[in-house]
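# Observations on the model geometry
Each chain is listed here by its residues.
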There are 2 protein chains.
Amino acid sequence: MDTPAKPITIGAVLFPGFEILDVYGPLEMFGMLGERARITMLAERPGPVRTLAGPAGLADASLAETGDLDVLLVPGGMGTRREVGNAAFIGELARLCARAGRVASVCTGSALLARAGVLDGRRATSNKRAFAWVRSQGPAVDWVPRARWVEDGRFFTASGVSAGIDMSLGLIASIFGRQASLEIATWAEYEWHEDSGWDPFASLNGLA
Amino acid sequence: MDTPAKPITIGAVLFPGFEILDVYGPLEMFGMLGERARITMLAERPGPVRTLAGPAGLADASLAETGDLDVLLVPGGMGTRREVGNAAFIGELARLCARAGRVASVCTGSALLARAGVLDGRRATSNKRAFAWVRSQGPAVDWVPRARWVEDGRFFTASGVSAGIDMSLGLIASIFGRQASLEIATWAEYEWHEDSGWDPFASLNGLA
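The rules behind each value
Residues numbered from 1 in each chain as written. Chains lettered and ligands numbered in written order. Predicted model: local features only at pLDDT ≥ 70, side-chain atom pairs only at ≥ 80, totals over all residues. Heavy atoms only, no water. Helix = DSSP H or I, 4+ residues; strand = E, 2+ residues; numbered from the N terminus. Rg over C-alpha atoms; globule rule 2.2 N^0.38 Å. Buried < 20%, exposed > 50% of the residue type's maximum accessible area, 1.4 Å probe, protein only. Contact = heavy atoms within 4.5 Å. Lys, Arg positive; Asp, Glu negative; His and termini not counted. Charge placed at Lys NZ, Arg CZ, Asp CG, Glu CD. Disulfide = S-S within 2.5 Å. Pairing = 2+ DSSP bridges. Axes fitted to C-alpha atoms, helices over the stretch in contact; angles between N-to-C directions. Salt bridge = Lys/Arg side-chain N within 4 Å of Asp/Glu carboxyl O. Core = buried A, V, L, I, M, F, W, Y, C linked by side-chain atoms within 4.5 Å. Expected span 1.5 Å × (residues − 1). Arc of directions from axis to C-beta. Least-squares fit on C-alpha atoms with pLDDT ≥ 70 in both. Phe/Tyr/Trp six-rings, centres within 6.5 Å; stacked < 30°, edge-to-face > 60°. Lys NZ or Arg CZ within 6 Å of the ring centre and 35° of its normal.

### A word on the overall build of chain A
Across its full length, chain A carries eight helices and eleven strands. A compact globule built from 208 residues would reach a C-alpha radius of gyration of about 17 Å, and chain A, at 16 Å, matches this within 12%. Overall, the C-alpha framework of chain A stretches about 40 × 40 × 35 Å when taken along its three principal axes. Scored against the burial criterion, the 208 residues of chain A give a buried share of 61%. The long-range share in chain A, meaning contacts at least 24 apart out of those at least 6 apart in sequence, stands at 68%. A distance of 5 Å separates the average location of the 20 positive side-chain charges in chain A from that of its 23 negative side-chain charges.

Shown next, in the form of structure tokens:
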């Protein structure tokens, strides 16, 4: 595996009502790459973006002013219910997806990718409690009910909320090798579910 | 167990160089309490507070203007190395700890609590890779090397980074009952390490 000679660029998308851990779980793991990664927070406009729970994230740059990224990270959350109908936002996502080396979603973030049309004909997964709604956003997507995360080409879609942490370690392994992910998990005192097929939550929610 | 009649107030402390997941892991779990909790982000001054990895959190209020809280959450991160010498910050922490129903720390956040003197004579834990440094910040604390988290009276101290998620579910259980924490873990598709003694990372780092 040829690891990148310069830092990889990671853009994390914020929108009102994003789910906290969908964003910051993966960003903790990417952040532990240190000098090997540069993280930028993106939104329709720079500035504070609120979660439903209260805490706000701060967008450093607008989607429109952002170009090529090595990794685009798209979270879920209740705000996705509104953003699937935000044509300007979905259009920017589609543009960034076309230019990104890898595209990652967490939870209902895959509904946003589905609306952007970039998952058509691909395998993908999502939050288990919102699966029917997500499925309705992308009839041409091959939705996988039982998976911690699904890797299909350059697309990495994770199940609900905390699954994004496991997915991000899988994505890091695809770039920097498995040993890098194992080290990061140990630094974070995190027990990585390395098997992307591990998913006790599918049957808990009557799926698969 | 008498669950609170009104929302519990949670204050999460930010400082430059806080560790991302130390804050947002527990806040995801507290956030899933919905109407049962109100989260406020605190710092020496309101406004953006940067992590080393790049993303900034937004402080809604200053420590000095904050009064009684049901839960005070203190994260760790490389910024603790500077904040242990910030007498004004440590003084505000000590004041808030004295007035908080419960005090929680994640990772090297327990070094800040130790410097505030609030852990003297109590059992506490911390990040396993920084344990010697943390121990040096509180010689009168009964440091526990092997623990996912330690509960001693109203103090909940967690091990490194991701351990805060498990601790926060333990803390939620102490207020709202175990069933509430089990539900939240399932909603977040999170496998809770409910046993606070679970800790494979202590021996990985030559402790215990």
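### Let's talk about the state of the cysteines
Residue and element names in this part refer to chain B. Evaluation of the coordinates by the stated rule reveals zero disulfides over all chains. Distance from the sulfur of Cys97, which forms no disulfide, to the nearest cysteine sulfur (Cys107) is 17 Å. Accessibility expressed as a relative area gives 1% for Cys97, which makes it buried.

### Thoughts on the sheet that holds strand S5 (residues 61-62) of chain A
Residue and element names in this part refer to chain A. Strands sit in the order S5-S2-S1-S6-S7-S11-S10 across an open sheet of seven strands; the sheet is mixed. Of all strands in the sheet, those with a lone pairing partner are S5 and strand S10 (149-152), marking the two edges. Strand direction decides the pairing type here: S10 and strand S11 (residues 155-158), joined by four bridges, are antiparallel. Note on S11: the bridge partner recorded for Val150 is Thr157. Against the sheet, helix H1 (residues 20-31) touches strand S1 (8-13), strand S2 (37-43) and strand S6 (71-74), its axis set at about 160° to S2. Helix-sheet contacts for helix H3 (residues 87-99) involve S1, S6 and strand S7 (102-105), and the interaxial angle to S6 is about 150°.

### Re the pattern of salt bridges
Applying the stated criterion to the full structure yields 16 salt bridges over all chains. Asp60 of chain A is paired through a salt bridge with Arg50 of chain B; the nearest N and O atoms lie 2.9 Å apart. Here Arg50 of chain B lies in strand S3 (residues 47-50) and Asp60 of chain A lies in the loop between strand S4 (56-59) and S5, a pairing that spans two chains. As a salt-bridge pair, Glu194 of chain A and Arg178 of chain A come within 2.4 Å of each other at their nearest N and O atoms. Of the two residues, Glu194 of chain A is situated in the loop between helix H7 (178-187) and helix H8 (200-204) and Arg178 of chain A in helix H7; the sequence distance between them amounts to 16 residues. The partly exposed category is assigned to Arg178 of chain A, whose relative accessible area is 48%.

### So, the nonpolar core
In this structure, Leu27 and Leu72 of chain A together with Leu27 and Leu72 of chain B are the most contacted members of the largest nonpolar core, which totals 152 residues. When neighbours within four sequence positions are excluded, Leu27 of chain B is seen to be in contact with Ile20 and Pro55 of chain A together with Ile10, Ala12, Ile39, Met41 and Leu73 of chain B.

### Observations regarding H3 of chain A
Residues and elements named next belong to chain A. Here H3 spans 19 Å end to end across 13 residues, near enough to the 18 Å set by a 1.5 Å rise per residue. Along H3, the residues that are buried comprise Phe89, Ile90, Leu93, Leu96 and Cys97. Buried residues of H3, seen end-on, are gathered within an arc of 125° and therefore sit on one face of the element. Seen from the open side of H3, the exposed residues pointing more than 90 degrees away from its buried face are Ala87, Ala88 and Ala98. Where H3 is buried, its residues touch S1, S6, helix H2 (80-83), S7 and helix H4 (109-115).

### Things to note about the sheet that holds strand S2 (residues 37-43) of chain B
Residues and elements named next belong to chain B. Ordered by their spatial adjacency, seven strands build an open sheet running S5-S2-S1-S6-S7-S11-S10, and the pairing between neighbours is mixed. Each of the sheet's edge strands pairs with one partner strand only, and the pair in question is strand S5 (61-62) and strand S10 (149-152). Looking at chain direction, strand S6 (residues 71-74) and strand S7 (residues 102-105) are connected through four bridges and run parallel. Note on S7: the bridge partner recorded for Leu73 is Ala104. Running over the sheet, helix H3 (residues 87-99) touches strand S1 (8-13), S6 and S7 and is turned about 150° from S6. Across the sheet, helix H6 (residues 163-176) is in contact with S1, S6, S7, S10 and strand S11 (155-158); its angle to S11 comes to roughly 160°.

### Remarks on the relation of the copies chain B and chain A
Note: a rotation about an axis with an accompanying shift along it relates these two copies of the chain. In screw terms, the move from chain B to chain A is a rotation of 180° and a rise of 0.0 Å along the axis, fitting with an RMSD of 0.0 Å. Taken together, the rotation angle and the small translation identify this as a two-fold axis. When each C-alpha of chain B is compared by its distance to the rotation axis, Gly57 of chain B comes out closest, at 2.7 Å. By residue overlap, the copies meet face to face through one surface: 100% of the interface positions of chain B are interface positions in chain A.

### A look at the packing of aromatic side chains
Taken as a whole and judged by the stated rule, the model has nine aromatic pairs over all chains. Aromatic pair Tyr24 of chain A and Tyr24 of chain B: ring centres 3.9 Å apart, planes at 15°, arrangement stacked. With Tyr24 of chain A in helix H1 and Tyr24 of chain B in helix H1 (residues 20-31), the pair connects residues from two separate chains. Given a relative accessible area of 2%, Tyr24 of chain A falls into the buried group. Connected via pairs of aromatic rings, a cluster forms that spans Phe18 and Tyr24 of chain A together with Phe18 and Tyr24 of chain B. The ring centre of Phe176 of chain A lies 5.5 Å from the NZ or CZ of Arg36 of chain A, which sits over that ring.

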